[in-house]
Amino acid sequence: MTDIDATDADQASALLPADEIKQATATPRRRRPDRGLLIASFVIAGGLALIIWGFFTAITGDEGIERPLAIESVSPVENAVQVLQQERIAVDLEFGYEAVLILDGTELETTNIGRLEAQPGEQLVLPPTAIFDPGNAVISFVPNENAAITELTQGLHTARVEYWRLDEGRANAKSYNWTFVVV
């Protein structure tokens, strides 16, 4: 049935009985909300709120790791559990720092590629040492047959980087340790 305004009600009174006019002009009764639908709505809203809260409070990537500001990243990452035996060990520092790598208590000889001489167009052959790239402030080491460490054995390894500002020298070096597991 449709709602009837006042002029229509006058016309309808002549045609319809009084009971039907009262029903047509009366406001409709409000339905009670369905309890199951109401509970389901609250459960869904609560679930969505928890998901949103999880996105905003989750700690991912490097956020949960506290390392010095001078160290931008390390590889393999701290507490890695599936590192390969020939994996590259690297530390990315802020510009203006120099470093040496120490792996399981053995300080690796370091070659600064900024000091290597090469003729234009000549292929540069890197020695089997830790390589420091001053242009990118990255020190890295890859185990190989001619290096002090030929491969990473299975098990837990501790890496340490000693780093210092170029203008302060190694006498003012700081260090950072991390561990990883080789499979």
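Just above, that's the structure.
The rules we used
- Residues numbered from 1 in each chain as written.
- Predicted model: local features only at pLDDT ≥ 70, side-chain atom pairs only at ≥ 80, totals over all residues.
- Heavy atoms only, no water.
- Helix = DSSP H or I, 4+ residues; strand = E, 2+ residues; numbered from the N terminus.
- Contact = heavy atoms within 4.5 Å.
- Pairing = 2+ DSSP bridges.
- Axes fitted to C-alpha atoms, helices over the stretch in contact; angles between N-to-C directions.
- Salt bridge = Lys/Arg side-chain N within 4 Å of Asp/Glu carboxyl O.
- Buried < 20%, exposed > 50% of the residue type's maximum accessible area, 1.4 Å probe, protein only.

*Asks:* Explain the environment of proline 134 to me, and be specific about the residues and the numbers.
*Replies:* Position of proline 134 among the secondary structure elements: in the loop between strand 7 (130-133) and strand 8 (138-141). Through-space distance from the C-alpha of proline 134 to that of isoleucine 113 is 7.4 Å; in sequence the pair is 21 residues apart. Other than its neighbours up to four places away in sequence, proline 134 contacts Phe95, Asn112, Ile113 and Gly114.

*Asks:* If you had to explain the sheet that holds strand 6 (residues 110-112) to someone new, which residues and values would you point to?
*Replies:* One open sheet holds the five strands; their spatial order is 1-3-8-7-6, and the pairing between them is mixed. Among the strands making up the open sheet, the edge pair consists of strand 1 (71-75) and strand 6. Here the strands of the sheet are splayed against their neighbours by 15 degrees on average, with no regard to which way each runs. Summarising the sheet, strand 6 and strand 7 pair through three bridges and their orientation is parallel. In the strand pairing of strand 7, asparagine 112 is matched with phenylalanine 132.

*Asks:* Go over the pattern of salt bridges with me, naming the residues and quoting the values.
*Replies:* Where side chains of opposite charge bring their charged atoms close, a pairing between them can arise. Applying the stated criterion across every chain, the model contains five salt bridges. One salt bridge in this structure joins glutamate 162 and arginine 160, with 2.8 Å as the shortest N-O distance. Accessibility expressed as a relative area gives 17% for glutamate 162, which makes it buried. Note on arginine 160: relative accessible area 29%, which makes it partly exposed. Measuring nitrogen to oxygen at the nearest pair gives 3.0 Å for the salt bridge that ties arginine 170 to glutamate 162. Three or more residues are tied together by salt bridges with common partners; here these are Glu107, Arg160, Glu162 and Arg170.

*Asks:* Go over the side chain of serine 140 with me, naming the residues and quoting the values.
*Replies:* Secondary-structure assignment places serine 140 in strand 8. Sequence-distant contacts of serine 140, that is, excluding residues within four places in its chain, are made with Arg88, Ile89, Ala90, Leu101, Thr129, Ala130 and Ile131.

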